[in-house]
2 protein chains.
Amino acid sequence: MFGGIETGGTKTVCAVGADGAVEHRAQFPTGEDADALADRCAEFFAAHPVRSIGVGTFGPCDPDPGSATYGHILNTPKPGWSGVDLLGKLAARVDAPMVLTTDVTAAAIGEQRYGAGRGNQNLVYLTIGTGVGGGAIVDGRVLHGRTHPEMGHILMPDIATGGVCPYHGDCFEGLASGPAMAAREGRPAQEIPDDDPAWDLEARIVAAGLHSITCTLSPRCIIVGGGLGSRSALHTLLPESLSRSLAGYVPAPLLAAPGLGADAGVIGALTLAQDHSQG
Amino acid sequence: MFGGIETGGTKTVCAVGADGAVEHRAQFPTGEDADALADRCAEFFAAHPVRSIGVGTFGPCDPDPGSATYGHILNTPKPGWSGVDLLGKLAARVDAPMVLTTDVTAAAIGEQRYGAGRGNQNLVYLTIGTGVGGGAIVDGRVLHGRTHPEMGHILMPDIATGGVCPYHGDCFEGLASGPAMAAREGRPAQEIPDDDPAWDLEARIVAAGLHSITCTLSPRCIIVGGGLGSRSALHTLLPESLSRSLAGYVPAPLLAAPGLGADAGVIGALTLAQDHSQG
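Residues numbered from 1 in each chain as written. Chains lettered and ligands numbered in written order. Predicted model: local features only at pLDDT ≥ 70, side-chain atom pairs only at ≥ 80, totals over all residues. Heavy atoms only, no water.

Student: Would you mind showing me how to read the overall build of chain A here?
Tutor: In terms of helices and strands, chain A carries 8 helices and 10 strands. Against the globule reference of 19 Å for 279 residues, chain A gives a C-alpha radius of gyration of 18 Å, in line with a compact fold. C-alpha extents for chain A along the principal axes are approximately 50 × 40 × 35 Å. Looking at chain A as a whole, 57% of its 279 residues qualify as buried. (Helix = DSSP H or I, 4+ residues; strand = E, 2+ residues; numbered from the N terminus. Rg over C-alpha atoms; globule rule 2.2 N^0.38 Å. Buried < 20%, exposed > 50% of the residue type's maximum accessible area, 1.4 Å probe, protein only.)

Student: I tried to follow the sheet that holds strand β7 (residues 132-138) of chain B on my own but got confused; where do I start?
Tutor: Two pairing modes exist for strands in a sheet, parallel and antiparallel, and in both the strands are linked by backbone hydrogen bonds. All names here are of chain B. The strand order across the open sheet formed by 5 strands is β8-β7-β6-β9-β10, and the pairing between neighbours is mixed. Since the sheet does not close on itself, it has two edges, and those belong to β8 (141-142) and β10 (254-256), each with one partner. Across 2 bridges, β7 lies against β8 in antiparallel orientation. Bridge pairing in β8 places Ile137 opposite Val142. The sheet strands contacting helix α6 (residues 198-217) are β6 (123-128), β7, β9 (221-225) and β10, and the helix crosses β6 at an angle near 150°. (Pairing = 2+ DSSP bridges. Contact = heavy atoms within 4.5 Å. Axes fitted to C-alpha atoms, helices over the stretch in contact; angles between N-to-C directions.)

Student: What am I meant to see in the interface of chain A and chain B here?
Tutor: Accessible area lost during the coming together of the parts is what is often quoted as the interface size. The partner chain B presents 40 residues to the 40 residues of chain A that form the contact. Together, Arg146(A), Thr216(A) and Tyr249(A) form the three largest contributors to the area buried by chain A at its contact with chain B, with a combined 22%. Only β8 (141-142), α6 (198-217) and α7 (232-246) of chain A provide two or more residues apiece to the side of chain A that touches chain B. It is α6(A) that provides the largest number of residues to the side of chain A that touches chain B, a total of 6 residues. Of the residues assigned to the side of chain A that touches chain B, the class counts are 22 nonpolar, 12 polar and 6 charged. (Buried area = accessible area lost by both parts, 1.4 Å probe. Nonpolar A, V, L, I, M, F, W, Y, C, P; charged D, E, K, R; others polar.)

Student: Looking at this model, I keep getting lost on the pattern of salt bridges. Mind explaining?
Tutor: Opposite charge on two side chains makes pairing possible when the charged atoms of those side chains draw close. Residues and elements named next belong to chain A. In this structure the tally under the stated criterion is 18 salt bridges over all chains. A salt bridge links Arg184 to Glu202; the shortest N-O distance between them is 2.7 Å. In this pair, Arg184 is assigned in helix α5 (residues 178-185) and Glu202 in helix α6, connecting sequence segments 18 residues apart. Relative accessible area serves as the criterion here: at 23%, Arg184 is assigned to the partly exposed category. Accessibility expressed as a relative area gives 0% for Glu202, which makes it buried. The salt bridge involving Glu240 is made with Arg244; its shortest N-O contact spans 2.3 Å. Note that Glu240 and Arg244 are positioned in helix α7 at a spacing of 4 residues, about one turn of the helix. The exposure class assigned to Glu240 is exposed, which follows from its relative accessible area of 51%. (Salt bridge = Lys/Arg side-chain N within 4 Å of Asp/Glu carboxyl O.)

Student: Help me understand the relation of the copies chain A and chain B, please; the structure alone is not making it clear to me.
Tutor: Two copies of the chain are present, and they differ by a rotation about an axis and a shift along that axis. Overlaying chain A with chain B gives an RMSD of 0.0 Å, the required rotation being 180° about an axis along which the chain moves by 0.0 Å. Taken together, the rotation and translation describe the operation of a two-fold axis. Among all residues of chain A, the one whose C-alpha sits closest to the rotation axis is Pro157(A), at a distance of 2.2 Å. (Least-squares fit on C-alpha atoms with pLDDT ≥ 70 in both.)

Student: Looking at this structure, how should I read helix α3 (residues 103-114) of chain A?
Tutor: Helical geometry note: an α-helix holds 3.6 residues per turn, so side chains three or four residues apart project in the same direction. Residue and element names in this part refer to chain A. Counted at 1.5 Å a residue, the expected span for α3 with its 12 residues is 16 Å, and the 16 Å between its end C-alpha atoms agrees. With 10 of 12 residues buried, α3 lies mostly within the body of the structure. Those residues of α3 not exposed but buried are Asp103, Val104, Thr105, Ala106, Ala107, Ala108, Ile109, Gly110, Glu111 and Gln112. (Expected span 1.5 Å × (residues − 1).)

Student: Looking at this structure, I do not really get the side chain of Ser177(B). What am I missing?
Tutor: All names here are of chain B. One can find Ser177 in the loop between α4 (172-176) and α5 (178-185). A distance of 2.8 Å separates the side chain of Ser177 from the backbone oxygen of Glu173, its partner in a polar contact. In contact with Ser177, not counting residues within four places along its chain, are Ile128, Gly129, Thr130, Gly131, Val132, Val164, Phe172 and Leu228. (Polar contact = N/O pair within 3.5 Å; in protein donor to acceptor, adjacent residues only side chain to side chain.)

Student: In this structure, what is going on with the domain arrangement of chain A? I would like to understand it.
Tutor: Residue and element names in this part refer to chain A. According to the domain assignment, chain A consists of domain 1 (2-106 + 261-277) and domain 2 (119-256). In this structure, domain 1 and domain 2 have C-alpha centres spaced 25 Å apart. Together domain 1 and domain 2 conceal approximately 820 Å² of surface at their shared face, both sides included; 67% is due to carbon and sulfur atoms. It is Pro63, Val104 and Thr105 in domain 1 that bury the most area against domain 2; as a group they hold 59% of the surface buried on that side. If you look at where domain 1 meets domain 2, you find 0 salt bridges. (Domains from an automatic or database assignment.)

Student: What am I meant to see in the sheet that holds strand β3 (residues 21-29) of chain B here?
Tutor: All names here are of chain B. Here we have 5 strands laid out as an open sheet, ordered β3-β2-β1-β4-β5, and mixed in their pairing. Every other strand in the sheet has two partners, leaving β3 and β5 (98-102) as the edge strands with one partner each. Along the sheet, successive strands turn relative to each other by an average axial angle of 15°, direction set aside. Of the pairings in the sheet, the one linking strand β1 (residues 2-7) to strand β4 (residues 53-57) comprises 5 bridges and is parallel in character. Bridging from a neighbouring strand, Gly3 pairs with Ile53 of β4. Across the sheet, helix α3 (residues 103-114) is in contact with β1, β4 and β5; its angle to β5 comes to roughly 100°.

Student: Is there a simple way to think about the pairing of strand β2 (residues 11-18) of chain A in this case?
Tutor: Remember that side chains alternate between the two faces of the sheet whenever the strand is regular. Residues and elements named next belong to chain A. The buried count for β2 comes to 6 of 8 residues, which makes it a mostly enclosed element. Taken together, the 6 bridges between strand β1 (residues 2-7) and β2 define a ladder with antiparallel strand orientation. Across the sheet, the residue bridging to Glu6 is Val13, located in β2. Count of turn residues in the β1/β2 antiparallel hairpin: 3 residues. Connecting β2 to the antiparallel partner strand β3 (residues 21-29) that follows it, the hairpin turn spans 2 residues, and Asp19 within it adopts a positive phi of roughly 50°.

Next up, the structure:
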């Protein structure tokens, strides 16, 4: 059996399983105390021993095994987490080899192997919720690059204004995230019904982001997940919005909701562990 | 010895060499007649026999060796070239194994191996001239994805208007290419001196494109070449424009002009051939 840990911005999921199937899972708030979180993960894996553990974490983080700060959380506004050696804290408590990537990269792995992206060697997983983030598989391999993609921060055309990103204002995350939609519509996205015209604008915004990602990475498939990104109101409108934006110059990739639902990240994390153990 | 062919939008270069060094080269207009061009390439390689040939071509093209249309030019407004089986025409005339990619991907290979990007396993080569195009190396391997990147067509923030792309108007190519700058400034880029304030706006536009590419691919290094892209007026302003756009959220990649100058593509093409022959 293999282990997966997904440390998200608000909740953390631990799971044990193999071949894309989860046997046991536990979930707790990520919180502000990294030691307390590592303790809870250690308790879970003491009860469910595994051969190796994959970790998919919120970012920015350092996923480069060759780096001195491998497995650290980098500068983040998230209280308690800036500079934390997440992998070190876990390794000090759990006796199993570990491998770490970003939460969205883990979700891309999960979806590519066992979810809606099965069989696609070039795939992007995009989450739209409190923030916007993307992970990519290129020719069957994880894309990290220098650090890791920050697809939520690509720049956007003049479709909407009032973006909420403290760094870039009207970037993808600034315009498309849950808080952005809430600021624009005056109510949380959860309260906006599927037939509300607000989804037309949201779909055009998301399509603009997908357009630029498509022109840069040439994926065959983009999985759009996350709290807001999984809404069927969005998925209904997205293919036509994207086709219209690409204007026939580049073929649109297949768009899909996550086949693994909210478990894409943790299943991807344990798949990463299994791959790592089995070479 | 190995061969390289770079079929650009206006000119085609053939070269023979090895290990990044060119021994013989020839150059002719790409023209509208693919058979005539293939004849000229065949004459060159009859005089200079090689073990294998790499081809870097203008796009859109099909660089997937597993595809039925591998080596074909796809739909292009370029007269005489839409749907042409470029690789087939070359293979019918030259008795050497061939491998094909895009011109900008070939340039990325050349720069990564022998040019300004030496030692970088994650690199983007961007050309800005008549059009805008990009090629990428991810973890030392060429990025093709489903077809190949079309980085000139990513969408852009509201920095300038009046873009010239017939598909997307104000996309990266629509705003940053030579014809776009000429339309905006009322004279060709070649006639705009290095100290003209027009370069401030051009640098902000190019930086916006580089910003989105950086957030998607996380490259360590971006080489900016091409007729307009190699201008020192642009390179002087670009680092600060990009840093300002990224706003400290993501570290800026190293920016550089091509170390191989205009030979990046053909040297990359012959390097691809050499890699292919030597496994």
